[in-house]
Protein chains: 2
Amino acid sequence: MLSLPLARPALAQSTPLRIEQVADGFRVPWSVGFLPGGDMLVTERAGRLWRVAPDGKRQRITGVPEVAARGQGGLLDVVVARDFSRTGAIFLSYAKAQASGGAGTALAVARLDGTKLVNPRRIFEMMPGSSGGRHFGGRIVEARDGTLFLTIGERGDRPSAQDLTRENGSVIRVARDGRIPPDNPFLNSPGTRPAIWSYGHRNPQGAALDGQGRLWLCEHGAQGGDEVNLIEKGANYGWPVISYGRHYSGAKIGEGTSKAGMKQPAFYWDPSIAPSGLAILGQGRFPGWQGAMLVGSLKFDHIAVLAPGAKRQITRIETPETIRVRDVREGPDGAIWFLSEGNGALYRITSG
Amino acid sequence: MLSLPLARPALAQSTPLRIEQVADGFRVPWSVGFLPGGDMLVTERAGRLWRVAPDGKRQRITGVPEVAARGQGGLLDVVVARDFSRTGAIFLSYAKAQASGGAGTALAVARLDGTKLVNPRRIFEMMPGSSGGRHFGGRIVEARDGTLFLTIGERGDRPSAQDLTRENGSVIRVARDGRIPPDNPFLNSPGTRPAIWSYGHRNPQGAALDGQGRLWLCEHGAQGGDEVNLIEKGANYGWPVISYGRHYSGAKIGEGTSKAGMKQPAFYWDPSIAPSGLAILGQGRFPGWQGAMLVGSLKFDHIAVLAPGAKRQITRIETPETIRVRDVREGPDGAIWFLSEGNGALYRITSG
C-alpha cells in the first residue's frame, strides 16, 4: 500500500445542524451584537439600530449617529463592549458624510440605555473619505487590551491601500477615547496616519479574535482572490501589488502573488465566494469545531467553515433560505448566529 | 509582533508565462499525446485522431476503433507508450457501444505506423455500461511497472461507485495485454471486478503520476466538491457516501464529509471549477514549480496550479482565449501543453 501523507481533517461535522429563524423583517441588516441578558442589537444599513428580544420582537433605538447611506455605505457594524454591564458601552461603525461631499468610514462609542443611545462620541473617522460608494470595510473588534480595531476598505482607490498617508485599505487601532495607542506601529513615522495598524487591504468585511487574542480578517478580493489574513502589527497585506485575484475584466493585478515584505493570506478562495462576516468558534456547542473559522458568503449563500488557522476549508454550512450572508457570530449561548441581508432575517444555528 | 505561523508558499510565479497557440481547428478535442520526434496526437470526441506536426499541420489517423459519440462519450484519451520507439504502441480510451444499447468506457492498445493504427486491441471494457451519456471518466496512465490505469466515472448511477461488482466510479488497472495483474487488490474477492484498483469516484477526468510514481486524480464532484486524490491500492474515495459537494439542487449528499474507511481528498474546490486534465510537473521550464499540479478548469477557463502534494492552490494560469480547458500535459520539451475544447485549439505555455 502507498501511504497517504495527508491527514484526515481534524474537524468533522459530527452532528446535524439545526438552523432556525429568530427574527425577520430587517431591511439590509449588516451586523448583530449581543447584550447581556439575551437581547441583541441589529444594524440596518440605512441607519436604523434595533434591540431584538430573544423571541424576535424588536424596538428601535434612538440617538444613532447620522449615516451616509449611499452605495455600500451606511450604518455598518455594532459591537457590545465587554464591560457593557458596567459601562453600557457599544461601538458602531458607519459611513459618515464629509464636507467634501464624500463619506468616510467612522467609529463611534455610545452608552446604550434601554432603547436610547446616550452621548455618542465619534472616536475615529477616515479623512479624507471618498465620493465613491464602495469598499467601506467597517468591522469592529475589541482587542483583549481594550483597544478597538476597525477595518477600512480602499474605497475603490487601489493604490491608496499602499499609501500610509491615507487610511484607505487598512486596519486602524484606537483607544476607546479615540486616542492613538502609544504602541501603534506608525505613530512615529512622519506623514503616516498614526491609527494604522496594518495595510494593503482591499475590502475587509469580517474580523474576529481567535482563542489567543490574535486578529483575523476576511476580505473581498478581486475575482479569485478572497482572503483570510492573520493580522500582524505594521504588516502590509499586499493589495494591489500582490493578489491571487484578477480584475473582473480578467486583467492581471499588480506584480503577481507574492513579494518580499508583503504578507501571504492564510487562505484564499479561487473561485471567490464574496466573504462577509467572520466568527471564530470557542468551546461552544459544536464539538470538534473549536477554533473553526466561519465565513459568510454573499455570493453563494452559505457559511464556509475553515479549520483553525485557516489552513483548509473543512465544510460549508448550507443556509438555504438566505440571500447574501452578511454577518456571522458566535453568540454568548455558543450558537452560531447569522444575518441574511437579502431576506432581512436573523438566524441561529445549533447542533443536534 | 505576532508571529505568522503560515509559511509563504514554496512556489511562486517567478517569471512571466508565454501562451502560444500551436494548432487549431479541432472539434471538441479531448486529449493530446506526444510522439518521439516532436509530433503530437490529438483526439476529437467524435472519434477522430490526428497526428499534428510541431508547426500545427495535421494528418488524420486511420484505423481508430469505432466509438459511441453520444453525450459526454466518444473518443477520449490518448497516451503514447514509453516504449513507443521500439513498439509503436499507443493507448486510447473511448465510449464503446454495447449490445444493450448503452456504452461503456473501454481501453485499447494499437500500433501507430505513420498515420495508420495497426492491430488495435481492446484490452478492457466496463461491463455493463449504461445508456446514460454522463461521467465516462476516461483518463489513461501508464504506471512505472507498465500496467495501465484507466479512470471510470459512475455514469450518473451514484450508488454504483460503491459497488465492487461494477466498474462504475473506479480506477481500473490492467496489463498491456489485458490481463489482470496478480497484485490487483480485489482479484481474490468473490464477485468483485478484478480490474478495480480504487473506487468511490464520481467522474475522474484527470490523472497523472508524480515524481515518486504515485497516481493522482482530479475529479468532478458535485457542486462544491471537486477533488484531487492521491490513489492508494484498494482504497475507497467515498462517493456518494461522503463528499464536500452538494447536489446541484442544493440537497445534501450522503452522510457528510468524512467516514472511517473512506479517503479524504488531498484538496477540494468549493466553489467548484469543473476540473479536467491533470499534469504534474517534473524538472522542466518552470523553476520553482517542480512537482506542481496543474488542473484545467472547464468552467472558468484557467489552469489551477497546486503546490506539490496538492496542499494548497498557489496560483492560476489565465488562459484568456480558451473555452473549457479539457486537457493539460507536460510535454517532453518541458512546456505545459493544453487543449481548449470550445475553440478547438492546442496551446503551449513556456516561461520567460
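These numbers come from a predicted model, not from an experiment.

Chemist: Quick rundown of unusual backbone geometry? Include the residues and the values.
Modeler: Residue Pro 240 of chain A is bonded to the preceding Trp 239 of chain A through a cis peptide linkage, with omega at 0 degrees. With respect to the helices and strands, Pro 240 of chain A occurs in the loop between strand S16 (226-230) and strand S17 (267-269). For the bond running from Asp 270 of chain A to Pro 271 of chain A, omega is 5 degrees, close enough to zero to count as cis. One can find Pro 271 of chain A in the loop between S17 and strand S18 (275-280). Positioned with a positive phi, Ala 274 of chain A is a non-glycine residue whose angle comes to about 60 degrees. Considering the arrangement of structural elements, one finds Ala 274 of chain A in the loop between S17 and S18. Accessibility expressed as a relative area gives 18% for Ala 274 of chain A, which makes it buried. One non-glycine residue with positive phi stands out, namely Arg 155 of chain B, at about 60 degrees. By secondary structure assignment, the location of Arg 155 of chain B is in the loop between strand S11 (148-152) and strand S12 (170-174).

Chemist: Provide a residue-level description of the environment of Leu 298 of chain B, including the pertinent values.
Modeler: Residues and elements named next belong to chain B. Relative to the assigned elements, Leu 298 resides in the loop between strand S19 (293-297) and strand S20 (302-306). Under the relative-accessibility criterion, Leu 298 is labelled buried at 7%. Remark: the alpha-carbon pair of Leu 298 and Arg 324, spanning 26 residues in sequence, is separated by 3.9 Å. Residue contacts for Leu 298: discarding those within four places in its chain leaves Gln 205, His 220, Ile 273, Ala 274, Ser 276, Arg 324, Val 325, Arg 326 and Glu 341.

Chemist: Outline the environment of Gln 212 of chain A, listing residues and values.
Modeler: When you line up the elements, Gln 212 of chain A lands in the loop between strand S14 (203-209) and strand S15 (215-220). Taking the C-alpha atoms as reference, Gln 212 of chain A lies 21 Å from Gly 33 of chain A; in sequence the two are 179 residues apart.

Chemist: Help me get a handle on the environment of Arg 176 of chain B, residues and values and all.
Modeler: All names here are of chain B. Tracing the backbone through its elements, the reader meets Arg 176 in the loop between S12 and strand S13 (196-199). Separated by 53 residues in sequence, Arg 176 and Ile 123 have C-alpha atoms that sit 7.2 Å apart. Within the local environment of Arg 176, its side chain forms a polar contact with the side chain of Glu 142, the two groups lying 3.4 Å apart.

Chemist: I'd love a proper account of the sheet that holds strand S24 (residues 345-351) of chain A, names of residues and values included.
Modeler: Residues and elements named next belong to chain A. Overall, antiparallel pairing links the 4 strands, which are arranged S1-S24-S23-S22 in an open sheet. If you trace the sheet from one side to the other, it starts and ends with strand S1 (17-23) and strand S22 (325-330), each paired once. Strand-to-strand, the axes of this sheet are offset by a mean angle of 25 degrees, without reference to chain direction. As paired strands, S1 and S24 are joined by 6 bridges and run antiparallel to one another. Bridge assignment links Ala 23 to a residue of S24, and that residue is Leu 346.

Chemist: Give me the packing of aromatic side chains: which residues, what numbers.
Modeler: Taken as a whole, this structure holds 14 aromatic pairs over all chains when the rule is applied. Ring centres 3.9 Å apart and planes at 15 degrees place the aromatic pair Tyr 244 of chain A and Tyr 268 of chain A in the stacked group. Of the two residues, Tyr 244 of chain A sits in the loop between S16 and S17 while Tyr 268 of chain A sits in strand S17, which places them 24 residues apart along the sequence. The same class applies to Tyr 244 of chain A as to Tyr 268 of chain A, namely buried. With a centroid separation of 5.7 Å and 20 degrees between ring planes, the pair formed by Phe 286 of chain A and Trp 289 of chain A is classed as stacked. Assigned by exposure class, Phe 286 of chain A and Trp 289 of chain A land together as buried. Across from the ring centre of Trp 50 of chain A, 4.5 Å away, lies the NZ or CZ of Arg 58 of chain A, which sits over that ring. It is Arg 155 of chain B that lies over the ring of Phe 136 of chain B; its NZ or CZ is 3.8 Å from the centre.

Chemist: Explain the sheet that holds strand S23 (residues 336-340) of chain B to me, using residue names and the numbers behind them.
Modeler: Residues and elements named next belong to chain B. With antiparallel pairing, the 4 strands of this open sheet are ordered in space as S1-S24-S23-S22. Looking at strand neighbours, the two that pair on one side only are strand S1 (17-23) and strand S22 (325-330), the edges of this open sheet. Here the strands of the sheet are splayed against their neighbours by 25 degrees on average, with no regard to which way each runs. With 5 bridges joining them, S22 and S23 adopt antiparallel strand pairing. Bridging across to S23, Asp 327 finds its partner in Leu 339.

About the cut-offs
Residues numbered from 1 in each chain as written. Chains lettered and ligands numbered in written order. Predicted model: local features only at pLDDT ≥ 70, side-chain atom pairs only at ≥ 80, totals over all residues. Heavy atoms only, no water. Helix = DSSP H or I, 4+ residues; strand = E, 2+ residues; numbered from the N terminus. Buried < 20%, exposed > 50% of the residue type's maximum accessible area, 1.4 Å probe, protein only. Contact = heavy atoms within 4.5 Å. Polar contact = N/O pair within 3.5 Å; in protein donor to acceptor, adjacent residues only side chain to side chain. Pairing = 2+ DSSP bridges. Axes fitted to C-alpha atoms, helices over the stretch in contact; angles between N-to-C directions. Phe/Tyr/Trp six-rings, centres within 6.5 Å; stacked < 30°, edge-to-face > 60°. Lys NZ or Arg CZ within 6 Å of the ring centre and 35° of its normal.

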